[in-house]
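Coordinate analysis (summary)
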Amino acid sequence: MIRALHRWLGLPALILVTLLAVSGAALSVFPAAERISAPQAEQAMSVADLAARIKSAFPGVEQIRRSPSGRITAFWFEGGTPASAVIDPATGAATASGDPNPVQRWLANLHRSLFLDDVGRIAMATGAAAMLVLAVSGSMLVARRAGGWRRWFAPLRGPLAGRIHVELARAAVLGLLLSSATALWMTASTFGFLPDKAAVPSLPSAVSGTMGATLTSMPLLAATPVSSLRELNFPYAGDATDVFTLKTESGTGYLDQGTGATLAWSGTSGWTRVSETIYMLHTGQGAALLGLLLGLTALAVPAMGATGLLIWLKGPGGRPRIRDNAAPARAETVILVGSEGGSTWGFAATLHSALTRAGQSVHTAPMSAFDPGRLSGVRRYVVLAATYGNGDVPASAKGFLDRLTRLPAAPEAPLAVLGFGDRSFPAFCAYARAVVAAAEGRGWPLLLPLETVDRQSPQEFARWGRALGAALGIDFELNHHVVRPSATVLTLVSRRDFGHEVQAPTAILRFALPRRSIWQRLMGRGFARFEPGDLLGVVPEGSPMPRFYSLASGTQDRFVEIVVRKHVGGVCSGELMALEPGGTVAGFIRPNPAFRPGRDRTPLILVGAGTGIGPLAGFIRANASRRPVHLFFGMRLAESDFLYREELDAWTAEGRLSSLSTAVSRGRRPRYVQDALVAEQIEVVRAIRKGARIMVCGGRQMAAGVAEAMARILDPVGLSPAVLKAEGRYVEDVY
């Protein structure tokens, strides 16, 4: 519901909110510019001294006004024509014209009313209300994606547009909340929906009837510092019954022009102070730095609008549309999905459809949206949970375990958990197992024991479905069809073979960059935008199941490159290793933002063995900024499988690679890549103290050995791989 509100309010309000934000950002510059350019009064100067100096320079002065920035402007009539000037308080002389800045006035009219008077004010107030709702709903969505309010600044995964959208929201939300709320307050005040903030004393019924008192002899003017002045109005020339009117931040008063006595005084009300504070917070008048900060946050709005539009155009990215999704409060069965790449959502859609056809009211949502308080009528929960990486939480399940832990009591409705993973990994369905362990720890009753699905097997899913149907007393069948991914034909242009001497045939395969449509380029889809470390999904002949290979190239390289090792019985690796230049395969890009080096200048420690060097070579090739990069590479024999040997030498000469340490496991003195790390531990620790990011790619056993070695290296300095992982400085891509 919150996501739908955010999307369907944001899309139609995009132009209006963007116009409001951009014009507001432009206006935020003027208070700071005025504060810098305007001559400022001395701290001890009184209004009496200031008025006397201005009166001496401009005998016909009728009004002196001080803006929140400290700029002092005098107003008078000259030959029947109004005139004004910015005043230097030290001399009382003019320094510049006091006429309003025409650009500022134009922007202000645009920002407040679109040049349409009250109709425009209502339209812009509607835009401010939309911005307020979007800021609140967006904050809730960010918290949900991050895994809770406590993890507001947790690192993000997912497509670039989505990450930019969330990062901008994190940075700008407080400013947008403040700007939109104060705008609505000011609009309500303009239309009289708030009490009248003016509090002025009644005009005096009796005056001395004399004229000529000197300004410096008037006690109230002498006691009032210029820093407190808002406005001083002079009596009408020749009218002995008129008075001086003084307005300050503390109140308004009248002074007799003949005696200088204070005739009446009214202090500023609390309501007036609140209203003036609201005005300052919205405009930056009197708080120039705050105004600039709010202007910067406003500039995030068009960027968030653009990224939000891209997210909408790209769609849910692997997440199918759930038809007949019941409202949470009416659901009998709630399906919660933990998915990283989107495939688990396909199984959820199949289950949702089958249960709905069987007469059930079903609500399907991401695990990150788990909120038992909204699910009062639920009779059972079903969790479909994939495992990301080496036992990590998938993207759509962030915060689920934390929410479960914080519940005062576990839900009464029983729970069934189905895990999805790859049995070849040691952390097979580790996250699903963690969910079951946490549920049992809280006393959440289980409807079924934990079951698992290996490599998206439709047969295993159907078998589990029959067990679920028996537990529910419902007869239904889960006929899930794995959808073959949409793929592009890739043509091999070159190959370099290695590893035959050690019975581990390996090849660096380079494919031509396929043609990309204008739409793909604009949307960044397909092969229009990818980076080293992203994944190439290859769909082998006769199978809908893709195999994924880490990319050793990016879009800027103008080719698609992977490193492949032939596995016994491997359908995809066999097809790839049999390719000759001119041959083709079907492939697609899957972003892997969790395994990227980042854009900063901190050192990189790259650790890989065998085909794991693929993405690491891509990182080095892309290191045009000459960032410090240290590569630790393990191989079996240097004569057989020293992948990228010539390129590594060239990259070292170009400064793209700072140092290279190799480990040969079948040489005269066998050693592994973790041994190379230990041998260079002083340099490793020095780089880590400079903020280095460690990136490990290769087989599971190698990664485990590297983690153990790093734990020994880091222990004396009070660090560990776990600590660095929590900081986002130790990442792995293992297989």
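The coordinates are above.
A few points on the structure. Here the structure is a predicted model, which is why all the values come from computation and not from measurement.

Below, the discussion takes up the overall build of the protein chain. Broken down by element type, the protein chain carries 22 helices and 24 strands. Expected size for 735 residues packed as a compact globule is a radius of gyration near 27 Å; at 35 Å, the protein chain overshoots this value by more than 25%. The principal-axis extents of the C-alpha atoms in the protein chain amount to approximately 115 × 70 × 55 Å. Put simply, the protein chain has 735 residues, and 48% of those count as buried.

Moving on, we get to the sheet that holds strand β17 (residues 547–550). In spatial order, the strands read β17-β16-β19-β14-β15-β18; together these six strands make up an open sheet with antiparallel pairing. Single-partner strands in this sheet number two, and they are β17 and β18 (559–565). Across the sheet, the axes of successive neighbouring strands diverge by a mean angle of 40°, strand direction being ignored.

Our focus in this paragraph is the sheet that holds strand β24 (residues 730–734). The sheet built from five strands is open, its strands ordered β22-β21-β20-β23-β24 with parallel pairing. The open sheet has two edge strands, β22 (659–664) and β24, and neither has a second partner. Each strand axis lies, on average, 10° off the axis of its neighbour in the sheet, ignoring direction. With six bridges connecting them, strand β20 (residues 604–609) and strand β21 (residues 629–635) associate as parallel partners. Across the sheet, Ile605 pairs through a bridge with His630, a residue of β21. Lying on the sheet, helix α21 (residues 700–714) is in contact with β20, β23 (693–698) and β24; it crosses β23 at an angle near 150°.

Quick look at helix α6 (residues 160–190) now. Here α6 spans 42 Å end to end across 31 residues, near enough to the 45 Å set by a 1.5 Å rise per residue. The sharpest bend along α6 measures roughly 55° and falls at Ala172. Following α6 by one or two positions, Gly192 has its phi on the positive side, about 80°.

So, on to the environment of Asp239. Along the polypeptide, Asp239 turns up in the loop between β5 (229–233) and β6 (243–248). Assessed through its relative accessible area of 28%, Asp239 is described here as partly exposed. Separated by 175 residues in the primary sequence, Asp239 and Pro414 place their C-alpha atoms 88 Å from one another. Excluding residues that lie within four positions of it along the chain, Asp239 makes contacts with Met211 and Gln257.

Counting 27 residues, the largest nonpolar core has Leu50, Ile54, Ile64, Leu221, Leu232, Phe234 and Leu246 as its most contacted members. Sorting elements by how many residues they give to this core places helix α3 (residues 47–57) first, with five residues. In this structure, Ala331, Ala397, Val417 and Phe428 belong to the second largest nonpolar core, which totals 26 residues.

So, on to a nonpolar patch on the surface. On the surface, Val29, Leu289, Leu292, Leu293, Leu296 and Leu299 cluster together to form a nonpolar patch covering roughly 570 Å² of accessible area. Considering each element in turn, the nonpolar patch owes the most residues, five residues, to helix α9 (residues 288–314). With respect to the helices, strands and loops of the structure, Leu293 is situated in helix α9. In this structure Leu293 comes out as partly exposed when scored by relative accessible area, which is 48%.

A complete count under the given rule lists 20 salt bridges for this structure. The salt bridge partner of Glu34 is Arg71, with a shortest N-O separation of 3.7 Å. Note that Glu34 is positioned in helix α2 (residues 29–37) and Arg71 in the loop between β1 (61–66) and β2 (72–78), a separation of 37 residues in sequence. Taking relative accessible area as the criterion, Glu34 reaches 10% and is therefore assigned buried. A salt bridge links Arg496 to Glu647; the shortest N-O distance between them is 2.4 Å. Of this pair, Arg496 sits in strand β14 (residues 488–498) while Glu647 sits in helix α18 (residues 645–654), placing them 151 residues apart in sequence. Arg496 gets classed as partly exposed once you look at its relative accessible area, which sits at 28%.

Time to look at the packing of helix α5 (residues 117–146) against α6. Following both chains from N to C, one finds α5 and α6 inclined at 145°, their axes separated by 7 Å at the closest point. Between α5 and α6 the crossing geometry is left-handed. Class assignment of the residues belonging to the contact of α5 with α6 gives a composition of 17 nonpolar, five polar and four charged.

Think of a disulfide as a covalent bridge from one cysteine sulfur atom to another cysteine sulfur atom. In this structure the tally under the stated criterion is zero disulfides. Cys697 takes part in no disulfide bond, and the closest cysteine sulfur to it belongs to Cys572, at a distance of 17 Å.

Once that is clear, we can look at the packing of aromatic side chains. Throughout the structure, instances matching the rule amount to 20 aromatic pairs. Above the face of the Phe559 ring, Arg510 is positioned so that its terminal group lies 3.7 Å from the ring centre.

The buried count for strand β7 (residues 251–256) comes to six of six residues, which makes it a mostly enclosed element. Burial along β7 is two-sided: the residues Gly251, Gly253 and Leu255 and Thr252, Tyr254 and Asp256 are all buried. Pairing analysis gives six bridges linking β6 to β7, with the strands arranged antiparallel. Bridged to Thr248 within β7 is Gly251. Connecting β6 to the next strand, β7, in antiparallel fashion are two residues. Direction of pairing for β7 relative to strand β8 (residues 262–267): antiparallel, over a ladder of five bridges. Residue pairing for β8: Gly253 is matched across the bridge by Trp265. The turn joining β7 and β8, which pair antiparallel and follow one another in sequence, is formed by five residues; a positive phi near 80° is taken by Gly260.

With that settled, the discussion passes to the environment of Ala90. Position of Ala90 among the secondary structure elements: in the loop between β3 (81–87) and β4 (94–97). Placed 51 residues apart in sequence, Ala90 and Pro39 show a C-alpha to C-alpha distance of 8.4 Å.

Turning next to the packing of helix α10 (residues 343–357) against helix α13 (residues 458–472). Remark: α10 packs on α13, axes separated minimally by 12 Å, with the N-to-C direction vectors making an angle of 35°. Two packed elements cross with a definite hand, and for α10 against α13 that hand is right-handed. Contacts from Phe347, Thr350, Leu351 and Leu355 of α10 reach α13 at Phe461, Trp464, Leu468 and Leu472. Partitioned by chemical class, the residues of the contact of α10 with α13 number seven nonpolar, one polar and no charged.

Residue Phe115 is not a glycine yet carries a positive backbone phi of 65°. Among the structural elements, Phe115 can be located in the loop between α4 (102–113) and α5. With relative accessibility at 40%, the residue Phe115 sits in the partly exposed group. Phi is positive for Arg455, which is not a glycine, with a value near 50°.

Once that is clear, we can look at the side chain of Thr364. Topologically, Thr364 is positioned in strand β10 (residues 362–366). When its relative accessible area of 3% is taken as the criterion, Thr364 is described as buried. Ignoring any residue separated from it by four or fewer positions in sequence, one finds Thr364 in contact with Ile322, Asn325, Ile335, Val337, Trp345, Ala348 and His352.

Reading the values: the criteria
Residues numbered from 1 in each chain as written. Predicted model: local features only at pLDDT ≥ 70, side-chain atom pairs only at ≥ 80, totals over all residues. Heavy atoms only, no water. Helix = DSSP H or I, 4+ residues; strand = E, 2+ residues; numbered from the N terminus. Rg over C-alpha atoms; globule rule 2.2 N^0.38 Å. Buried < 20%, exposed > 50% of the residue type's maximum accessible area, 1.4 Å probe, protein only. Pairing = 2+ DSSP bridges. Axes fitted to C-alpha atoms, helices over the stretch in contact; angles between N-to-C directions. Contact = heavy atoms within 4.5 Å. Expected span 1.5 Å × (residues − 1). Bend = angle between axes of the 7 residues up to and from the residue. Core = buried A, V, L, I, M, F, W, Y, C linked by side-chain atoms within 4.5 Å. Patch = residues over 30% accessible without salt bridge, like charges linked within 9 Å, V, L, I, M, F, W, Y side chains within 5 Å. Areas by Shrake-Rupley, 256 points an atom, 1.4 Å probe, with all protein chains shown as cover. Salt bridge = Lys/Arg side-chain N within 4 Å of Asp/Glu carboxyl O. Left-handed = near helix turned anticlockwise from the far one by under 90°. Nonpolar A, V, L, I, M, F, W, Y, C, P; charged D, E, K, R; others polar. Disulfide = S-S within 2.5 Å. Phe/Tyr/Trp six-rings, centres within 6.5 Å; stacked < 30°, edge-to-face > 60°. Lys NZ or Arg CZ within 6 Å of the ring centre and 35° of its normal.

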